[in-house]
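Examining the three-dimensional arrangement
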Amino acid sequence: MRSVKEIEEEILAEAEKTGYMLNPDKDIRESIIEGLSINEDRLGYWSCPCRRASGNRMADFDIICPCEYRDPDLKEYGRCYCALYVTQSYIDKGLPTDPIPERRPEKKIIKYAESSNIDDSQKINEKSGKGIKIWRCQVCGYLCARPEPPSICPICRAKKERFEIFSFSIGQ
Ligand code: SF4
């Protein structure tokens, strides 16, 4: 697995080249990039760490970071859904932690969640204790795939105890 630092450098270089800004809050930024790193390792692509991936690259195409929804969200809310990318005006407002609405069409979320091409045998279960769980912040709905929930939600700052298992992700 590539380190968070390596991926951060790659994203930062691309952002600088294209005129985008990353969240200046180190904890938030690193937590989201850690999610990307985990998804790179388990899926082979940067599926958005705040959304549930199907495991099918084509079906997840719109949520591969930077996702299709980044630019309209930056324009309307000053941040992307995960708050990895932000605008200067969002920074000037003190990086508000209120979650923003999901722009991905609901039919895609349902369709792709149901049509996942991940074989059942690849899915982890509680008994095996293997693989990565998807955790959901009960306060703001932030999703992340990782062995343990983050100590603090990068979106709303809720503590680790406020996370619950949302579902089981694909195995490793
Ligand atoms: S919401 Fe942000 S972090 Fe998530 S895929 Fe889109 S641009 Fe990347």
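So, here is what we can say about the structure in this document. (Residues numbered from 1 in each chain as written. Predicted model: local features only at pLDDT ≥ 70, side-chain atom pairs only at ≥ 80, totals over all residues. Heavy atoms only, no water.)

**Details of the packing of aromatic side chains**
Summed over the entire model, instances satisfying the criterion amount to one aromatic pair. For the pair Tyr20 and Tyr85, a centre-to-centre distance of 6.0 Å together with 75° between the ring planes defines the contact as edge-to-face. Of this pair, Tyr20 sits in the loop between helix H1 (4-18) and strand E1 (21-22) while Tyr85 sits in strand E2 (residues 85-86), and the two are 65 residues apart along the sequence. Assessed through its relative accessible area of 24%, Tyr20 is described here as partly exposed. In this arrangement the basic side chain of Arg70 is found over the ring face of Tyr20, its NZ or CZ atom lying 3.6 Å from the centre. If you follow Arg70 out to its NZ or CZ, it ends over the ring of Tyr85, 4.7 Å from the centre. (Phe/Tyr/Trp six-rings, centres within 6.5 Å; stacked < 30°, edge-to-face > 60°. Helix = DSSP H or I, 4+ residues; strand = E, 2+ residues; numbered from the N terminus. Buried < 20%, exposed > 50% of the residue type's maximum accessible area, 1.4 Å probe, protein only. Lys NZ or Arg CZ within 6 Å of the ring centre and 35° of its normal.)

**Looking at empty space enclosed by the protein**
One pass over the full model with this rule turns up three cavities of 30 Å³ or more. Its volume calculated, the largest cavity comes out at about 80 Å³. If you trace the largest cavity, you find 13 residues lining it, with Cys48, Cys65, Cys67, Cys80 and Cys82 closest to the centre. Of the residues in the lining of the largest cavity, the class split is eleven nonpolar, no polar and two charged. A volume near 40 Å³ is recorded for the second largest cavity. Asn23, Ile28, Arg79, Ala83, Tyr90, Leu95, Pro96, Thr97, Pro154 and Ile155 are the residues that line the second largest cavity. Residues that form the lining of the second largest cavity fall into these classes: seven nonpolar, two polar and one charged. (1 Å grid on protein atoms, 1.4 Å probe; cavity = no way out; pocket = protein on both sides within 12 Å on 5 of 7 lines; lining within 4 Å. Points joined across faces, edges and corners; volume = space filled by probe spheres on them. Nonpolar A, V, L, I, M, F, W, Y, C, P; charged D, E, K, R; others polar.)

**Observations concerning the state of the cysteines**
Across all of its chains, the model carries one disulfide by this definition. Two residues share a disulfide in this structure: Cys50 and Cys82, whose sulfurs sit 2.1 Å from each other. You can see Cys50 sitting in the loop between helix H2 (26-43) and helix H3 (70-77) and its partner Cys82 sitting in the loop between H3 and E2, a full 32 residues away along the chain. Classification of Cys82 by relative accessible area gives buried; the value is 3%. (Disulfide = S-S within 2.5 Å.)

**Some details on the pairing of strand E3 (residues 133-137)**
As paired elements, E3 and strand E4 (residues 143-146) share four bridges and run antiparallel to each other. Along E4, the bridge assignment pairs Ile134 with Ala145. Once E3 ends, the chain turns through five residues before running back antiparallel as E4, passing Gly141 with a positive phi of about 90°. (Pairing = 2+ DSSP bridges.)

**Comments concerning the pattern of salt bridges**
Summed over all chains, the structure comprises 13 salt bridges. Lys5 is the partner of Glu9 in a salt bridge, and the nearest nitrogen-oxygen pair spans 3.6 Å. Linking Glu9 with Lys5, this pair stays in helix H1, spanning four residues, or about one helical turn. Residue Glu9 is classed as partly exposed on the basis of its relative accessible area of 47%. The residue Arg29 makes a salt bridge to Glu8 at a minimum N-O spacing of 2.5 Å. Of this pair, Arg29 sits in helix H2 while Glu8 sits in helix H1; the two residues are 21 residues apart in sequence, bridging distant segments of the chain. (Salt bridge = Lys/Arg side-chain N within 4 Å of Asp/Glu carboxyl O.)

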